[in-house]
Amino acid sequence: MENFSPGAAAIGGVLIGCATLLLWLMNGRLAGISSILGGLAQATPGDRWWRIAFIGGLIAAPLAYSAISAHGLPRITIAASPALLVAGGLLVGFGTRLGGGCTSGHGIWGTARLSKRSLVATAAFMASGMIVVFLLRHVFGG
Amino acid sequence: MTFWRIGAAFAAGLLFGLGLAVSRMIDPAKVQAFLDIAGNWDPSLAFVMLGAVSVAAVGFRFASNREHPILDRDFRAPTKTLVDRPLVAGAILFGIGWGLVGYCPGPALASLLLGRSETLLFVAAMLAGMGAHRCFELFGQRDRTAK
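Definitions and cut-offs
Residues numbered from 1 in each chain as written. Chains lettered and ligands numbered in written order. Predicted model: local features only at pLDDT ≥ 70, side-chain atom pairs only at ≥ 80, totals over all residues. Helix = DSSP H or I, 4+ residues; strand = E, 2+ residues; numbered from the N terminus. Rg over C-alpha atoms; globule rule 2.2 N^0.38 Å. Buried ≥ 20, exposed ≤ 12 C-beta atoms within 10 Å, placed from the backbone. Contact = placed C-beta atoms within 7 Å. Core = buried A, V, L, I, M, F, W, Y, C linked by C-beta atoms within 7 Å. Nonpolar A, V, L, I, M, F, W, Y, C, P; charged D, E, K, R; others polar.

(A) Region of the structure containing the overall build of chain B. In terms of regular secondary structure, chain B is built from six helices and zero strands. For chain B, the sequential pattern of α-helices and β-strands runs α-α-α-α-α-α. Taken over C-alpha atoms, the radius of gyration comes to 19 Å for chain B, far larger than the 15 Å a tight globule of 147 residues would show. Dimensions of chain B, computed from the C-alpha atoms along their principal axes, are close to 45 × 45 × 30 Å. Expressed as a percentage of its 147 residues, the buried residues of chain B come to 48%. Considering only contacts within chain B whose residues lie at least 6 apart along the sequence, 44% involve residues at least 24 apart.

What follows is the structure, given as structure tokens:
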């Protein structure tokens, strides 16, 4: 547990919660990333631009982070092989649309509203994610 | 009005992504370490969820006596309440992909500008998966109308 960072995690979480609230109070829309992105293809013209703006803000965020933090751009490590990246991407895209949400829509907003659907979905994706990482790291030793 | 709505959405996206960067949920290795309960477990992401859910829960209560949002006519929340098979199947499939790579949709988009080819490949596959679901949905509708 040497990488445990509860302080930064909680502060980041509060920022995410504030972003979710901002979109709800101002626009009356849910900050569910997979639904905002996935709904773009079917959106009516009046329902399109806020989606594009939200996604634009999300994509621009590392630049804002590097401007205000002492650490520069956020550092990330991706261990997955190209085959796993493709498989994972397809599953995340298809699964979030079929299940009507991801970590943000179900995990944060739905959980905050105690929606039964979101609580079930969150338990399901946490469990399957944990099982996959267990198999990946401790059974197949990848 | 539209201008302000678009501005508010941009600000919300920016703040959301900033939260992902500060909490380091943007880092797939950190996410996989959270999911790795049998290994060198890093419970940090539970604190991200806790922080975000608490703020959202308090704010939602606060907003629930408003008739409409500040910049729009109505609040739009999902109306479904039934726990059905697509919900559970979709969440399980999503969890498998999340575990394989350590990316969910938000962090994947928020790290696009970090210039990693892995992120691009993942996002392209994710969009393809969303497109595949759209086709699946359209075929389902056609089958239903055919009957």
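Further notes follow.
(B) Region of the structure containing the nonpolar core. One finds A:Ala19, A:Leu22, A:Phe54, B:Ala12 and B:Leu15 to be the most contacted residues of the largest nonpolar core, which totals 88 residues. Looking at which element gives the most residues to this core, the answer is helix 1 (residues 6-27) of chain A, with 12 residues. Setting aside chain neighbours within four positions, we find B:Leu15 in contact with A:Leu15, A:Cys18, A:Ala19 and A:Leu22.

(C) Broad picture of the interface of chain A and chain B. The interface of chain A with chain B comprises 100 residues on the first partner and 105 residues on the second. At the level of elements, helix 1, helix 2 (33-38), helix 3 (49-68), helix 4 (82-98), helix 5 (103-112) and helix 6 (116-139) of chain A are the ones that each hand at least two residues to the side of chain A that touches chain B. With 21 residues, helix 1 of chain A is the single largest residue contributor to the side of chain A that touches chain B. For the side of chain A that touches chain B, the class distribution of residues is 67 nonpolar, 27 polar and six charged.

(D) Expanded view of the environment of A:Ile76. Within the element layout of this structure, A:Ile76 appears in the loop between helix 3 and helix 4. For A:Ile76, the contacting residues outside a window of four places in its chain are B:Ile26, B:Asp27, B:Pro28, B:Ser111 and B:Leu114.

(E) Spatial organisation of the environment of B:Ala38. In this structure, B:Ala38 sits in the loop between helix 2 (28-35) and helix 3 (44-63). According to the C-beta neighbour criterion, B:Ala38 is exposed, with 12 such atoms within 10 Å. Taking C-alpha positions, B:Ala38 is 19 Å from B:Gly97, a pair spaced 59 residues apart along the chain. In this structure, B:Ala38 is in contact with A:Phe134 and A:His138, ignoring residues within four places of it in sequence.

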